[in-house]
Amino acid sequence: FIVDCSGSMSGSRIRNASECLSIFLHSLPVGCNFSIIMFGSNYRSVFGYGGLVEYNEANLKKADESVKEMKANLGGTNLLGPLSLAYKQIESVNEKGKVCQIFLLTDGEIHDTETVFKLVNKNRTKSRIFSIGIGKDADRNLVSGLALLSFGKFDFVSESSQITDKVINLLSLSLSPALTNIAVHAST
C-alpha cells in the first residue's frame, strides 16, 4: 500500500484515505504479505525498508495503529521514491510467475509523471497498480495512467459513503489471476 500523506491530503481526504486503507487491511486474504508506505516530499515504511511482512494479527495491529495516526503532514507529492521502494520490497519476496498488487491512494499531481510512468512500465510484468484517486480534484491522468499502464484498475472516491464499495471492488479485481508475458504463435 502506498498512501499519499502530503499536505494537500488534509481534512476529509486524509480521513477518506485512512478509511480506505483500513478497509483494505481488514479485507486481505489469509496468507498474503503486505507493506505500507506513506509519502509526501519524503516517505516512510511502516514495517521498515526490507521486504513485505506476513499478514498476521501482530502486523495487522501495527498497521491499524499507523492508520489511526496517519496525518497529511509529509510535505509535497513525490511518488518516485515510495514506488521504487515498493518494487524493491516486492523483489524480496516475489516468486517467478507471481504478480504482486500495489494499491495507491492519492489526490495529487506529481511533477515527474513521465519518470514514474517509465518505472511502472519497466515493472509491469511483476506487479499491477490499483489506484484510488481521493477527492474530487484528484489527478485523473495520474490515477488512471498508473493503473492502465500496469494492467491494474482504478477508481475515484470523493465522498466517504462510496469508500467501502469501491475498495471491495478493487480488492476483488486484484485477486483475479493476472497473465503476463503471453505470446501467441500462429502458423499459416
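Residues numbered from 1 in each chain as written. Predicted model: local features only at pLDDT ≥ 70, side-chain atom pairs only at ≥ 80, totals over all residues. Heavy atoms only, no water.

**Q** An account of the overall build of the protein chain is requested, with residue identities and associated values reported.
**A** Along the backbone of the protein chain there are six helices and eight strands. Each helix and strand of the protein chain, ordered N terminal to C terminal, gives the series β-α-β-β-β-β-α-α-β-α-β-α-β-α. Relative to its length of 188 residues, the protein chain is compact, with a C-alpha radius of gyration of 16 Å against a globular reference of 16 Å. In terms of its C-alpha atoms, the protein chain occupies a principal-axis envelope of roughly 60 × 35 × 30 Å. With 188 residues in all, the protein chain has 47% of them scored as buried. Carbon and sulfur atoms provide 50% of the accessible area of the protein chain, an area that totals close to 9700 Å². Between the centroid of the 19 positive side chains of the protein chain and the centroid of its 18 negative side chains there is a distance of 5 Å. (Helix = DSSP H or I, 4+ residues; strand = E, 2+ residues; numbered from the N terminus. Rg over C-alpha atoms; globule rule 2.2 N^0.38 Å. Buried < 20%, exposed > 50% of the residue type's maximum accessible area, 1.4 Å probe, protein only. Areas by Shrake-Rupley, 256 points an atom, 1.4 Å probe, with all protein chains shown as cover. Lys, Arg positive; Asp, Glu negative; His and termini not counted. Charge placed at Lys NZ, Arg CZ, Asp CG, Glu CD.)

**Q** Which residues make up the nonpolar core, and what values go with them?
**A** Of all hydrophobic cores here, the largest spans 34 residues; its most connected members are Phe1, Leu21, Phe24, Leu25, Phe34, Ile36 and Ile132. Of all the secondary structure elements, the ones that give two or more residues to this core are α1 (12–27), α2 (57–69), β6 (100–106), β7 (127–134) and α6 (163–174). Looking at this core, the element that brings in the most residues is α1, giving seven residues. Excluding anything up to four places from it in sequence, phenylalanine 34 contacts Phe1, Leu25, Leu28, Phe47, Leu52, Val53, Glu54, Tyr55, Asn59, Leu60 and Ala63. (Core = buried A, V, L, I, M, F, W, Y, C linked by side-chain atoms within 4.5 Å. Contact = heavy atoms within 4.5 Å.)

**Q** Explain α2 to me, using residue names and the numbers behind them.
**A** Taking 1.5 Å per residue as the helical rise, α2 with its 13 residues ought to reach 18 Å, and the 19 Å between its terminal C-alpha atoms agrees with that figure. Along α2, the positions that sit buried rather than exposed are Asn59, Leu60, Ala63, Asp64, Ser66 and Val67. In a view along the axis of α2, the buried residues occupy a sector of 165°, so they form one face of it. For α2, the exposed residues set more than 90 degrees away from the buried face come down to Glu57, Ala58, Lys61, Lys68 and Glu69. Packing partners of the buried residues in α2 comprise α1, β2 (33–34), β3 (37–39) and β5 (53–54). Residue asparagine 56 occupies the N-cap position of α2, its side-chain oxygen lying 3.2 Å from the main-chain nitrogen of alanine 58. (Expected span 1.5 Å × (residues − 1). Arc of directions from axis to C-beta. Polar contact = N/O pair within 3.5 Å; in protein donor to acceptor, adjacent residues only side chain to side chain.)

**Q** Before we move on, can you summarise the pattern of salt bridges with the specific residues and values?
**A** Under the counting rule described, the total for this entry stands at five salt bridges. Between lysine 126 and glutamate 91 there is a salt bridge, and its shortest N-O distance comes to 2.9 Å. Of this pair, lysine 126 sits in the loop between α4 (113–122) and β7 while glutamate 91 sits in helix α3 (residues 80–93), and the two are 35 residues apart along the sequence. With a relative accessible area of 45%, glutamate 91 lands in the partly exposed category. For aspartate 155, the salt bridge goes to lysine 166, with nearest N and O atoms at 3.3 Å. (Salt bridge = Lys/Arg side-chain N within 4 Å of Asp/Glu carboxyl O.)

**Q** I'd like to hear about the packing of α1 against α2, residue by residue, with values.
**A** In the contact formed by α1 and α2, the axes pass within 10 Å of each other and the chain directions differ by 170°. On the basis of their axis angle, the class for α1 and α2 is roughly antiparallel. Here α1 contributes Ser18, Leu21, Ser22, Leu25 and His26 to the contact with α2, which in turn contributes Leu60, Ala63, Asp64 and Val67. (Axes fitted to C-alpha atoms, helices over the stretch in contact; angles between N-to-C directions. Parallel < 35°, antiparallel > 145°, perpendicular 65-115°, else oblique.)

**Q** Any chance you could break down the packing of aromatic side chains for me, citing the residues and the numbers?
**A** Applying the stated criterion to the full structure yields eight aromatic pairs. Between phenylalanine 1 and phenylalanine 24, the ring centres sit 5.5 Å apart and the planes meet at 45°, which makes this aromatic pair tilted. Here phenylalanine 24 lies in helix α1 and phenylalanine 1 lies in the segment before β1 (2–4), a separation of 23 residues in the sequence. Here phenylalanine 1 falls in the buried class, since its relative accessible area comes to 10%. (Phe/Tyr/Trp six-rings, centres within 6.5 Å; stacked < 30°, edge-to-face > 60°.)

**Q** Now, about the confidence of the model for the protein chain: what can you tell me, with residues and values included?
**A** The predicted model of the protein chain has a mean per-residue pLDDT of 88, with 93% of residues at 70 or higher. Ranking the elements of the protein chain by mean pLDDT puts α6 last with 85 and β3 first with 96. (pLDDT = per-residue confidence, 0-100.)

**Q** So, the sheet that holds β6: which residues are in play, and what are the values?
**A** If you trace the six strands from one edge of the open sheet to the other, you get β4-β3-β1-β6-β7-β8, paired in mixed fashion. Each edge of the sheet is formed by a strand with only one pairing partner; in this case those strands are β4 (43–45) and β8 (154–157). Geometrically, the sheet is characterised by an average inter-axis angle of 15° between neighbouring strands, direction not taken into account. With three bridges joining them, β3 and β4 adopt antiparallel strand pairing. Directly across from methionine 38, in β4, lies its bridge partner arginine 44. The sheet strands contacting α6 are β6, β7 and β8, and the helix crosses β7 at an angle near 170°. (Pairing = 2+ DSSP bridges.)

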